[in-house]
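Letter by letter, the chains look like this.
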Amino acid sequence: MLPSAAASLVVRPFRGYDALARARGEDAPTIAGGALRLLFVIGAVVATTAAGRLAPIELFVATFSFAYVPLAQLVAVTVALRAVARDVPLRRAFALYLAGHGPWLIALLAIAAICLIVPSPAAVLFKVAPPLLLGTIAWGGVLTFACFRRGLALTAKRAGIATLLHTVVLTAIVVGYYLAMGQLGPQIWR
């Protein structure tokens with residue numbers, strides 16, 4: 001997939017997904033490309049913020065320790081599509097979906113930059129992170145809807161239902177993971 005296509009999704013999600021839906025050959029998004037791009041950015045952010053540098057071994061370990069992220073997204077996309085459009089090929093749908101992670105990649109890189117550049121990152125992050133994450137979640141929702149609507153050519157109603165189902169399933173997986181790991185309970189039930 002061309003870098004300009006991924007960038008156009010952030011700025012013009014509906015037009016961008018129109019173009020990606022028509023893309024063929026090496027211009028078409030792939031699951032491997034989308035998943036590796038996402039995991040690389042997550043790994044780079046984790047490695048640089050934890051170690052203060054981007055060493056190859058830390059990058060490798062951090063990148064692949066988050067391999068569950070695209071798997072959880074695959075489950076959410078699968079549930080959403082099977083509920084509203086069983087005939088849509090899952091492989092193509094997931095490749096298109098993975099192309100729309102631009103807002104998350106930008107947010108993660110912004111958080112890493114704050115951690116590396118600002119003298120007191122915790123103070124800045126407590127102010128910047130909530131609106132940044134809320135904006136990222138909202139824009140990610142728009143991109144998910146655009147993927148279902150324009151990338152997969154679903155009706156507006158089906159795309160809306162698919163977006164809602166995707167969001168509910170993905171949120172349940174993330175919250176369930178943190179509850180199972182004992183990380184969320186102590187934060188909620190103090």
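Residues numbered from 1 in each chain as written. Predicted model: local features only at pLDDT ≥ 70, side-chain atom pairs only at ≥ 80, totals over all residues. Heavy atoms only, no water.

Student: So what exactly am I meant to see when it comes to the nonpolar core here?
Tutor: The nonpolar side chains of a soluble globular protein tend to be buried with one another. Ranked by internal contacts, the top residues of the largest apolar core, which has 28 residues, are Tyr 17, Leu 81, Val 88, Tyr 97, Phe 148, Leu 152 and Leu 154. Broken down by element, this core gets its largest block of residues, six residues, from helix α5 (residues 68-84). When neighbours within four sequence positions are excluded, Tyr 97 is seen to be in contact with Tyr 17, Gln 73, Val 77, Thr 144, Cys 147, His 166 and Leu 170. Core analysis: the next-biggest nonpolar cluster, separate from the first, contains seven residues, Val 41, Ile 42, Val 69 and Ala 112 among them. (Core = buried A, V, L, I, M, F, W, Y, C linked by side-chain atoms within 4.5 Å. Buried < 20%, exposed > 50% of the residue type's maximum accessible area, 1.4 Å probe, protein only. Helix = DSSP H or I, 4+ residues; strand = E, 2+ residues; numbered from the N terminus. Contact = heavy atoms within 4.5 Å.)

Student: How should I be thinking about the layout of surface pockets in this particular structure?
Tutor: A water-sized probe, rolled over the atoms, reveals where empty space remains. Size it by volume and the largest pocket reaches roughly 1,500 Å³. What lines the largest pocket is a set of 37 residues, among which Trp 104, Leu 133, Ile 137, Val 174 and Tyr 178 lie closest to the centre. Looking at side-chain class alone, the lining of the largest pocket contains 27 nonpolar, ten polar and no charged residues. (1 Å grid on protein atoms, 1.4 Å probe; cavity = no way out; pocket = protein on both sides within 12 Å on 5 of 7 lines; lining within 4 Å. Points joined across faces, edges and corners; volume = space filled by probe spheres on them. Nonpolar A, V, L, I, M, F, W, Y, C, P; charged D, E, K, R; others polar.)

Student: Could you clarify how one ought to interpret the packing of aromatic side chains in this entry?
Tutor: Aromatic ring pairs are reported here in terms of the distance separating the ring centres and the angle at which the planes meet. Under the criterion given, the structure shown has six aromatic pairs. Where Phe 14 meets Phe 145, the ring centres are 6.0 Å apart and the plane angle is 70°; that geometry is what we call edge-to-face. Residue Phe 14 is found in helix α2 (residues 13-22), and its partner Phe 145 is found in helix α8 (residues 121-151); the two are separated by 131 residues along the sequence. Aromatic side chains Tyr 68 and Tyr 177 sit 5.1 Å apart centroid to centroid with 20° between the ring planes, which places their arrangement in the stacked category. Highlighted residues: Tyr 68 in helix α5 and Tyr 177 in helix α9 (residues 156-180), separated in sequence by 109 residues. (Phe/Tyr/Trp six-rings, centres within 6.5 Å; stacked < 30°, edge-to-face > 60°.)

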